[in-house]
Amino acid sequence: MIGALAAELRSGRAALSLFSFRLAEAAGLLPAGTCARIPDRGEADEAARELRARTGGALPPWPLPRQTFGKVARALLAGPAPEPDRAPPWAGEGGSARAAAGPARFSFSLCAAAEELFALRLGAHGRRSAGLYYTPPAVAAEVVALALRHGSSRSPSRVLDPCAGAGAFLCAAAAAVPAAALSGTDLHADALRAARAALALLGARAELRRADSLRARLPPADLLVGNPPYGHVADAAERAFLLDRLPALRGGEIDRYAAFLLRSLSLLRPGGTAALLVPDTWMTNARSGPLREAVLDAADLAAVCDLGKPFAAAKDTRVQAVVLVRRSAVPRPRRAARVLRGRERLADAPRAELLQGVRRGWQIYRSAAERRLCAALEAAGAPLEELCEVGYGLRTGDNGRFVARRPPLPGEIALVGGEDVLPFALRLRPKALRSPTAQLRALAERQLGRPRVCVQRIRTNSRAPHARWLEAAPVPPDLVCLDSLSTLSCDDADRLWALLAVLGSVALQRYHRLRTTDVNVKPAVLRELPVPRALLQAGAAGALAGLSRARGAEAAAGAPHPARAPIPAAVPALERAIDAAVYQLFGLGDEDVAEAERGFWGPRFPVEFPKLAQECQAPRVA
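These numbers were taken from a predicted model, which means no experiment stands behind them. (Residues numbered from 1 in each chain as written. Predicted model: local features only at pLDDT ≥ 70, side-chain atom pairs only at ≥ 80, totals over all residues. Heavy atoms only, no water.)

Turning to the overall build of the protein chain, a few remarks are in order. Counting its regular elements, the protein chain contains 25 helices and 21 strands. In the protein chain, which comprises 622 residues, the share counted as buried stands at 55%. Here the contacts in the protein chain between residues at least 6 apart in sequence split such that 75% fall between residues at least 24 apart. Accessible area of the protein chain: about 26,400 Å², with a carbon and sulfur share of 53%. (Helix = DSSP H or I, 4+ residues; strand = E, 2+ residues; numbered from the N terminus. Buried < 20%, exposed > 50% of the residue type's maximum accessible area, 1.4 Å probe, protein only. Contact = heavy atoms within 4.5 Å. Areas by Shrake-Rupley, 256 points an atom, 1.4 Å probe, with all protein chains shown as cover.)

Rendered as structure tokens:
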């Protein structure tokens, strides 16, 4: 509604003030029926003066519109008060569920409306450049609830949001800890004014200041909460300042949220808690090792919670709530980090494990059974790079110039990309390398002359548990893979076909999804994937290679391209036979097999698991 209202009034500020006026009546700050009378009786000025007097000037945040009210404005003033979006399904009965009830819901409605307007003003490009993705109120309430549940105090005396925006986190804190003193900073003056108005709807106040909290001196807090901006720091002077103040950011691009992770700890009192909504890549990227090290040096990781992809404007951004407790001179029992996916409790992450993996990265979103499965696969496996050469596709640097979408002309090289890959087969959309430089041609010719397997690692937004994150297919010797693909090659043809089967198996699909994230698609991870060590033995790959060749022929014979489509109702029997053979090569026990199957198939488990048993028992000819 707020976008349509702003368009009708030709002013975002006027729209937000009218919106807040209706919410103020619903919250009991104005007599019932005040808003419905405004369009016809012109009582807006008198009601606005009364509201300003009651809220210390916080409401309405700007003057009310003076032009004739249109259809959208009349519907707002005469209709029911706007409500915040429903809490996500993982919210349960905790902080985010309570945020949708009681007086807090009017504050959250105003926060959401204000931030929607700011996002519209920025536009898609501006929002991406600034890395600003405004927080759904239910998510803000959940982060605050996690901080109070897993942090150092359930009754902090001072709460700070260093990037306050329109106040969603401060409103959540005011609702959860009414006695706390609230403060917030932001670079956006209009956002701070909206935050002040939202807090007034809740009967709360905060010390709000326009400032850059990465630079400004701020009083220390017992609890720090917020959603920092996510963009890269491009300005040279700002980069130099941050690298001087926060050396752990060295090593490549500087993510603004990473600077806030470190800065937040210096804005806390010793023993205080920080809870931030950040992308999960800081835990998994190899280049973020110094950042992880610095965080563990200064704080205990109390909890992490996977909150999925709550930003409609950033569908590929998976975020987590990170709860940190700053070290203090007073000894505090150190417990393992709590790990959650929404409201689902997963296996804790011991501090010793975090220290051991600080350079490589943390993959901790696993249940106890999932941990056992991964350990079993690793124990029976060898890294993929020990069984074959793992290469990367051709990066042209300018596909518009060097890639022609047509069959290759005489002397040109045929290309294959991610769009061409089906599981176990290729379905080519013709492409050719045209007019390459000498260096580019030399790089392309390195791939020619030997069969390979290409592997596509997919950034999937699918919520289906059986969505594939790896798709692999055989590649003939006369095709060159583009950089959307990685390649496997070895001199043993049976082993190469067997590796194709392993990569397409449920066992490896499940392991890969547990060992990485869908926003961490670095191809180097392929080198470390465990494949059955038994395949190193002479002749051990023959049976699995036969199944793989048969499935490849079946897929090439005309199966529809499934890359973005749901899995078919009937999974090919050969794939179930391959899964059974791969489990046997890994030597997995019944519990681990069931765990891999259950995690991969989700609700389809009761249908697919019995098929696996049938394939284990049925004799097959390779």
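Text resumes after the structure shown.
Right, let's get into the sheet that holds strand β5 (residues 268-279). Reading across the sheet, the 9 strands line up as β3-β2-β1-β4-β5-β7-β6-β8-β9 and stay open at both edges, with mixed pairing between neighbours. The strands lining the two open edges of the sheet, one partner per strand, are β3 (206-210) and β9 (344-345). Against the sheet, helix α8 (residues 137-150) touches β4 (221-226), β5, β6 (299-308), β7 (319-326) and β8 (338-341), its axis set at about 150° to β6. (Pairing = 2+ DSSP bridges. Axes fitted to C-alpha atoms, helices over the stretch in contact; angles between N-to-C directions.)

So, on to the side chain of Arg 22. Assignment of secondary structure puts Arg 22 in helix α2 (residues 12-26). Beyond its immediate sequence surroundings of up to four residues, Arg 22 is in contact with Cys 35, Leu 76, Leu 77, Gly 79, Pro 80, Ala 81 and Pro 82.

All right, on to the packing of aromatic side chains then. Tallied over the full model, the rule gives 4 aromatic pairs. Centre to centre, the rings of Phe 605 and Phe 609 are 4.9 Å apart; their planes meet at 20°, and the pair counts as stacked. Of this pair, Phe 605 and Phe 609 both sit in helix α25 (residues 605-617), 4 residues apart, which is roughly one turn of that helix. Taking relative accessible area as the criterion, Phe 609 reaches 28% and is therefore assigned partly exposed. (Phe/Tyr/Trp six-rings, centres within 6.5 Å; stacked < 30°, edge-to-face > 60°.)

As a further point, take the environment of Arg 434. Checked against the element boundaries, Arg 434 lands in the loop between β16 (432-433) and α18 (438-445). Residues Arg 434 and Arg 401, spaced 33 residues apart in sequence, show a C-alpha to C-alpha distance of 7.9 Å. Apart from the residues lying within four places of it in its own chain, the contact partners of Arg 434 are Gly 400, Arg 401, Phe 402, Val 403, Ala 404, Arg 406 and Glu 412. Here Arg 401 takes part through its backbone oxygen, which lies 3.0 Å from a polar atom of the side chain of Arg 434. (Polar contact = N/O pair within 3.5 Å; in protein donor to acceptor, adjacent residues only side chain to side chain.)

The next thing to look at is α2. For α2, which comprises 15 residues, the first-to-last C-alpha distance of 21 Å matches the rise-based estimate of 21 Å (1.5 Å per residue) to within 8%. Listed in full, the buried residues belonging to α2 are Ala 14, Ala 15, Leu 16, Ser 17, Leu 18, Phe 19, Ser 20, Phe 21, Arg 22, Leu 23, Ala 24 and Glu 25. Backbone nitrogen of Arg 13 and a side-chain oxygen of the N-cap are separated by 3.4 Å at the start of α2; the cap is Ser 11. Gly 28 sits one or two residues past α2 and shows a positive phi near 85°. (Expected span 1.5 Å × (residues − 1).)

Before going further, it helps to examine helix α9 (residues 168-176). Among the 9 residues that make up α9, 7 are buried, leaving the element largely enclosed by the rest of the structure. Among the residues of α9, Ala 168, Phe 169, Leu 170, Cys 171, Ala 172, Ala 173 and Ala 174 are the ones counted as buried.

Position of Arg 457 among the secondary structure elements: in strand β17 (residues 452-457). Buried within the structure, Arg 457 lacks any salt-bridge partner; its nearest side chain of opposite charge belongs to Glu 528, at an N-O separation of 9.2 Å. (Lys, Arg positive; Asp, Glu negative; His and termini not counted. Salt bridge = Lys/Arg side-chain N within 4 Å of Asp/Glu carboxyl O.)

When two helices pack together, their arrangement is given by the angle between the helix axes and by the axis-to-axis distance. Their axes nearest at 4 Å, the elements helix α19 (residues 493-504) and helix α20 (residues 506-515) cross at an angle of 55°. The angle between the axes of α19 and α20 places the two elements in the oblique class. Only Val 506, Leu 508 and Gln 509 of α20 make contact with α19, whose side of the interface consists of Val 502, Leu 503 and Gly 504. Residues of the contact of α19 with α20, tallied by class, amount to 4 nonpolar, 2 polar and no charged. (Parallel < 35°, antiparallel > 145°, perpendicular 65-115°, else oblique. Nonpolar A, V, L, I, M, F, W, Y, C, P; charged D, E, K, R; others polar.)

To continue, consider the pairing of β8. Note on strand geometry: in a regular strand, side chains alternate between the two faces of the sheet. Bridge count for β6 against β8 is 4 bridges, and the pairing is parallel. For Cys 305, the partnering residue across the bridge sits in β8 and is Leu 340. Note: β8 against β9, 2 bridges, orientation antiparallel. When the bridges of β9 are listed, Leu 340 appears paired with Arg 345. Taken together, β8 and the strand that follows it, β9, pair antiparallel across an intervening segment of 2 residues, in which Gly 342 is found at a positive phi of about 65°.

Residues Leu 59 and Pro 60 are joined by a peptide bond in cis, for which omega reads -15°. Examined against the element boundaries, Pro 60 turns out to sit in the loop between α4 (44-55) and α5 (71-78). The backbone of Phe 424 shows a phi angle near 75°, a positive value even though the residue is not glycine. Here Phe 424 lies in the loop between β14 (421-422) and β15 (425-426). With a phi close to 45°, Ser 435 is a non-glycine residue in the positive phi region. Tracing the sequence through the fold places Ser 435 in the loop between β16 and α18. Of the residues examined, Ser 435 reaches a relative accessible area of 62% and is grouped as exposed.

This part takes up the sheet that holds strand β18 (residues 470-475). Read across the sheet, 4 strands follow the order β11-β20-β17-β18 without closing on themselves; strand pairing throughout is antiparallel. The open sheet terminates on both sides in strands that have one partner only, identified here as β11 (389-392) and β18. Adjacent strand axes in the sheet meet at a mean angle of 25°, parallel and antiparallel pairs treated alike. Across 6 bridges, β17 lies against β18 in antiparallel orientation. Each bridged residue has a counterpart across the sheet, and for Val 455 the counterpart in β18 is Ala 472. α19 rests against β17, β18 and β20 (486-489) of the sheet, and its axis sits at about 160° to β18.

Any two side chains of opposite charge can pair if their charged atoms end up close together. Under the defined criterion, the tally for this structure stands at 39 salt bridges. Of the charged contacts in the structure, one is a salt bridge between Asp 306 and Arg 341, with a shortest N-O distance of 3.7 Å. Within this pair, whereas Asp 306 is found in strand β6, its partner Arg 341 is found in strand β8, the two being separated by 35 residues in sequence. For Asp 306, a relative accessible area of 7% puts it in the buried group. Residue classification places Arg 341 among the partly exposed residues on the basis of a relative accessible area of 29%. The partner of Glu 353 in a salt bridge is Arg 371, and the shortest N-O contact between them spans 2.8 Å. Of this pair, Glu 353 sits in helix α14 (residues 351-356) while Arg 371 sits in helix α15 (residues 368-380), and the two are 18 residues apart along the sequence. Residues joined in a network through salt bridges with shared partners are Asp 300, Arg 327, Arg 334 and Arg 351.

This part takes up the nonpolar core. By size, the foremost hydrophobic cluster in this structure holds 133 residues, and its most contacted members are Leu 16, Leu 18, Phe 21, Leu 249, Leu 277, Trp 282 and Trp 362. If one sorts the elements of this core by residue count, helix α7 (residues 104-130) sits on top with 10 residues. Excluding its chain neighbours within four sequence positions, the residues that come into contact with Trp 362 are Trp 282, Met 283, Thr 284, Arg 292, Leu 296, Leu 301, Leu 354 and Gly 357. Listed in part, the 52 residues of the second largest apolar core include Ala 507, Leu 544, Ile 578 and Phe 600. (Core = buried A, V, L, I, M, F, W, Y, C linked by side-chain atoms within 4.5 Å.)

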